[in-house]
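# Breakdown of the fold
Read off the chains here:
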Amino acid sequence: MNRRQYLAALGGTVLGAAGVVGAIRHVGDSESADTGPSSVSGESGEGGSTASTAGSDSRPEAVPDEELSRAAPRDGIPAIVDPVFAPNWEADVAGEAVAGMDLRPDDEVIGIERDGIARAYPLKLLRRHEVVNDTLGGPQLITYCPVCDAGLVTDRTVAGQTRTFGVSGYLYRANLVLYDEESGSLWSQLGARAIQGPLTGTRLDRTGSAVTTWGDWQTEAPETSVLVPPPASNTVVGPVSFNYSLRFYERREQITDRYPDYGPLGALEWTDTRLQRRTVVVGVDTDGGTRAYAKRDIEREDPINDVVGSVPVLVTATPDGRPRAYVRRVDGETLTVETDEAGELVAGGSRWSRIGGWALDGPHEGARLPVAPGRGPLYWAAWLAFNPGSTVYSLDS
């Protein structure tokens, strides 16, 4: 197995944020990395600087140019800025934008719920667009990095101003880098902070979400609506249209599994042998410790009652196997979670939803377990790149 074989197997397969892996270049390479529009404006609104601002930014938190890799032109992956929603993808409901497309029960979505209103964002759309600027109970930023298999939802309010985010085309530690139109700052998706530009060091507040299947999300939130594909939903570059039903990402995943040392994740320096790079994990990060839980361990022991630092943690999986981590504390009471004969989560006399953390009945009915601080599900290599001191459940004492 070598790079030539990998690229030959890859063929015409598109690699999401990475574009064609062989084209990835570091910003500091002798050949220009700016293959598309990259001028940005400062916080004052005056233009003139470029997307690579670390060279003139003396703040220690700014990421140096040489740690960024250009994977695609700016806006080459068009972020959605004016989303449209419908109850489903049936043409008589969602319109011509879904003609010839289907949204199957086993298609994965990112689900969010705010003020009793639920929405779903299919990964088959996010793999093409990676960023959705939405408003639901406040400005929401829905992001997905195909390279890391990582979805994240944050508040897109920064310094009291609602920001509009797009895809910069850069990768940082093999992870999606965004920009905001108002300041031109660059933002790390998994770091949830600005890494270059006027807002360097500013953080985004994470809000709750779940990665699960469309069918399971509909069961969890029967009144949910779902994002409708462009051109019904508009993008940062205007109306676009893709065949979102093409399953070329399955082909990409098969190739990357066969050649794990290549592609963006393969470019990361790698000496860790505890887990394979593309092992799916959920990570918990507290002031007292950082720990990753591999999907295989969760499947074997679900539910896992653990303590990270001083935080009591419940680690479980959604019905489709996606890992979830919650703080197992309600109203000051630390719960020990078990399963009943039907396989439902039970604790404190109540049954609990694996997808949303809700108490479904009993004395805690209506209460909700907080999502544990951290990230996931995502690939182990991506988690470790941002949490180099992480322990691994069942492997580290």
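See the structure shown above.
Let us look at the structure shown here. (Residues numbered from 1 in each chain as written. Predicted model: local features only at pLDDT ≥ 70, side-chain atom pairs only at ≥ 80, totals over all residues. Heavy atoms only, no water.)

### As for the pattern of salt bridges
The final tally for this structure, using the stated rule, is 19 salt bridges. Between Arg322 and Glu108 there is a salt bridge, with its nearest N and O atoms 2.8 Å apart. Of this pair, Arg322 sits in the loop between β24 (311-317) and β25 (323-327) while Glu108 sits in strand β7 (residues 108-114); the two residues are 214 residues apart in sequence, bridging distant segments of the chain. Judged by relative accessible area, which is 9%, Arg322 ranks as buried. Two residues, Arg274 and Asp272, come together in a salt bridge whose shortest N-O distance is 2.8 Å. Owing to a relative accessible area of 25%, Arg274 belongs among the partly exposed residues under this scheme. Bridged by salt links that share partners, the residues Asp102, Arg104, Asp106, Asp107 and Lys124 form one connected network. (Salt bridge = Lys/Arg side-chain N within 4 Å of Asp/Glu carboxyl O. Helix = DSSP H or I, 4+ residues; strand = E, 2+ residues; numbered from the N terminus. Buried < 20%, exposed > 50% of the residue type's maximum accessible area, 1.4 Å probe, protein only.)

### Some points on the sheet that holds strand β21 (residues 280-286)
The sheet built from four strands is open, its strands ordered β31-β21-β22-β32 with mixed pairing. Whereas interior strands pair on both sides, the edge strands pair on one side only; in this sheet they are β31 (374-379) and β32 (391-392). Note: strand β22 (residues 289-294) against β32, two bridges, orientation parallel. Bridge pairing in β32 links Arg291 to Thr391. (Pairing = 2+ DSSP bridges.)

### Considerations on the sheet that holds β7
Strand order in this open sheet of five strands is β6-β19-β8-β7-β18, and the pairing throughout is mixed. At either end of the open sheet lies a strand with only one pairing partner, and these are β6 (85-86) and β18 (210-213). The sheet contact formed by strand β8 (residues 117-122) and strand β19 (residues 225-227) spans two bridges and is parallel. Looking at the pairing, Arg119 lines up with Ser225 of β19.

### Quick word on the packing of aromatic side chains
All told, the structure shown has five aromatic pairs when counted by the stated rule. Relative to Tyr121, the ring of Phe85 has its centre 5.7 Å away and its plane inclined at 90°; by these criteria the two rings are edge-to-face. A residue pair is termed long-range when its members are at least 10 positions apart, and Phe85 in strand β6 and Tyr121 in strand β8 qualify at 36 residues. A cation over a ring is seen here: Arg70 above Tyr170, with NZ or CZ 4.0 Å from the ring centre. Lying across the ring of Phe386, Arg173 places its NZ or CZ 5.3 Å from the centre. (Phe/Tyr/Trp six-rings, centres within 6.5 Å; stacked < 30°, edge-to-face > 60°. Lys NZ or Arg CZ within 6 Å of the ring centre and 35° of its normal.)

As far as function goes, none of this settles anything; it's purely spatial.
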